Amino acid sequence: MTDHRDAPAVRDLHAFIAGLPKAELHVHHVGSASPRIVSELAARHPDSKVPTDPEALVDYFTFTDFAHFIEVYLSVVDLIRTPEDVRLLTYEVARDMARQQVRYAELTITPFSSTRRGIDERAFMDAIEDARKAAEAEFGTVLRWCFDIPGEAGLESAEETARLATDDRLRPEGLVSFGLGGPEIGVPRPQFKPYFDRAIAAGLRSVPHAGETTGPETVWDALNELRAERIGHGTSSARDPKLLAHLAEHRIPLEVCPTSNIATRAVRTLEEHPIKEFTRAGVIVTVNSDDPPMFGTDLNNEYAVAARLLGLDERGLASLAGNGVEASFLDDAGKAKLVAEIDAYTAAWLAP
Ligand SMILES: O=C(O)c1cccc(C(=O)CC[C@H]2O[C@@H](n3cnc4c(=O)[nH]cnc43)[C@H](O)[C@@H]2O)c1
Ligand SMILES: [Zn+2]
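Reading guide: rules and limits
Once a new chain begins, its residue numbering starts again from 1 and follows that chain's sequence as written. The order in which chains are written sets their letters, starting at A; the order in which ligands are written sets their numbers, starting at 1. Since the coordinates come from a predicted model, pLDDT governs what is reported: local features require at least 70, and pairs of side-chain atoms require 80 or more to be given and counted, while whole-chain, interface and lining totals use all residues. Calculation of side-chain values draws on the structure's entire complement of heavy atoms; hydrogens and water are dropped beforehand. UniProt positions are given in the numbering used here, feature names are shortened, and annotations may be inferred rather than shown by experiment. In this analysis a donor is any N, O or S atom within 2.8 Å of a metal ion (3.2 Å for sodium, potassium and calcium), and since water is not included, sites may seem incomplete. The helix count covers DSSP runs of H or I at least four residues long, the strand count covers runs of E at least two residues long, and both are numbered beginning at the N terminus. Exposed residues in this analysis have more than 50% of their type's maximum accessible area, buried residues have under 20%, and partly exposed residues fall in between, with area computed by a 1.4 Å probe over protein chains only. To estimate the expected span of a helix, count its residues, drop one, and scale the result by 1.5 Å. Picture the helix axis, draw a direction to every C-beta atom, and the arc is the one those directions span.

Per an unreviewed UniProt entry, the protein chain goes by Adenosine deaminase and derives from Streptomyces lannensis. The Cofactor (unreviewed entry) field of the UniProt record for the protein chain holds the comment "Zn(2+)". Heading Sequence similarities (unreviewed entry) of the UniProt record for the protein chain holds this comment: "Belongs to the metallo-dependent hydrolases superfamily. Adenosine and AMP deaminases family."

So this is what it looks like as structure tokens:
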């Protein structure tokens, strides 16, 4: 993904980013399946329309709009049919993260999509937990889960997601937060309040998507009705100065995913992305990859994009990585350790 025509200073920045320890807060489980895993699963299930040839996947993963993206996303969801598929996917996603020096990730998982397709709920939880423990032991990447409601699937999906997230016999050890994903148009956030209330009462943190494909009123709803502690995307917040001031004052971070917004055509070009308006308004910005292989990106590339749009040098990038850690649901000791690692890496890189 590095442009080899880059000037030497830019190349150095890419190398700095590649080694920088990072936290990722907004990345989807199925949306992180590498072309190799997608083609392996597609070959196992020849009834699927998903191509088996990784090169054909590039075309397949070119989206006309957000609705088309969700349609393609669900065709990949359809490839995950057994607990072993779930385990393999989760473990391989962690391997890809470790290669990018991602030390900690909150991975958004949609258990409803798997249980409704017939995967046993107990086996599903065991598969993700087994992969989480193996990944931490083998790659050193700490994974935590965000269970999200696929809002367009209706309140049945909200009920099922809340049940899976709060039933003490099922709830996985790695679960830290509760989310809401899928299309926003025609899916008002307030209807999900009772499910978020239950999840919050059970100790989960609230991290809905909002303002990705609809206006700032959706972000207000996420804050006021769903008690959001971070906002997934929040792109349209830039259209409401009062909202920007509120996010800044209450230190509600945005999980910004620049390339995703272009790929789903939520934003026309990177140059038009409001990330700079967020930082100017004092909003805490974290940078994330969302569905990296589907959007032809990875977290390192998203940091490079942010560096370009925000004019960041190495210290600025280290501070951006620090935002990801501070906005995470790691405990204080975990945060301090990862921030110290970022600082030590940056100091060593900049040492004469
Ligand atoms: O699983 C089903 O059967 C189902 C039925 C109806 C609707 C849905 C969904 O809408 C699933 C959406 C799915 O998309 C995930 N996702 C991945 N990237 C994004 C994003 O950038 N913005 C919003 N959602 C995203 C999300 O986690 C849901 O799982 C499913
Ligand atoms: Zn997302």
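(A) Spatial organisation of the coordination of the zinc ion (ligand 2). Note on the zinc ion (ligand 2): its protein donors are H26 (NE2), H28 (NE2), H209 (NE2) and D290 (OD). The metal-donor distances range over 2.0 to 2.3 Å. Sequence positions of the donors to the zinc ion (ligand 2) reduce to the motif H-x1-H-x180-H-x80-D. With a gap of 183 residues between them, H26 in strand 1 (residues 22-28) and H209 in strand 6 (residues 209-210) connect regions that are remote in the sequence. Like H26, the residue H209 is buried in the burial classification.

(B) A look at helix 16 (residues 332-350). Taking 1.5 Å of rise per residue, the 19 residues of helix 16 would be expected to cover 27 Å, and the 27 Å separating its terminal C-alpha atoms lies within 8% of that figure. Taken together, the buried positions of helix 16 are G334, K335, L338, I342, Y345 and T346. The arc that holds the buried residues of helix 16, viewed along the axis, is 100 degrees, so those residues lie on one side. Away from the buried face of helix 16 by more than 90 degrees, exposed residues D332, A333, K337 and A348 are located.

(C) Representation of the UniProt feature "domain: Adenosine deaminase" (unreviewed entry) in the protein chain in the model. UniProt tags residues 21-344 as "domain: Adenosine deaminase" (unreviewed entry). Across residues 21-344 one finds 49% helix and 14% strand; the C-alpha atoms that close the span lie 10 Å apart.

(D) Structural context of unusual backbone geometry. If you check the backbone angles, H233 has positive phi at about 75 degrees while not being a glycine. With respect to the element layout, H233 can be found in strand 7 (residues 231-233). The phi dihedral of R265 falls on the positive side, at around 65 degrees, and the residue is not glycine. Secondary-structure assignment places R265 in the loop between helix 12 (258-263) and helix 13 (275-280).

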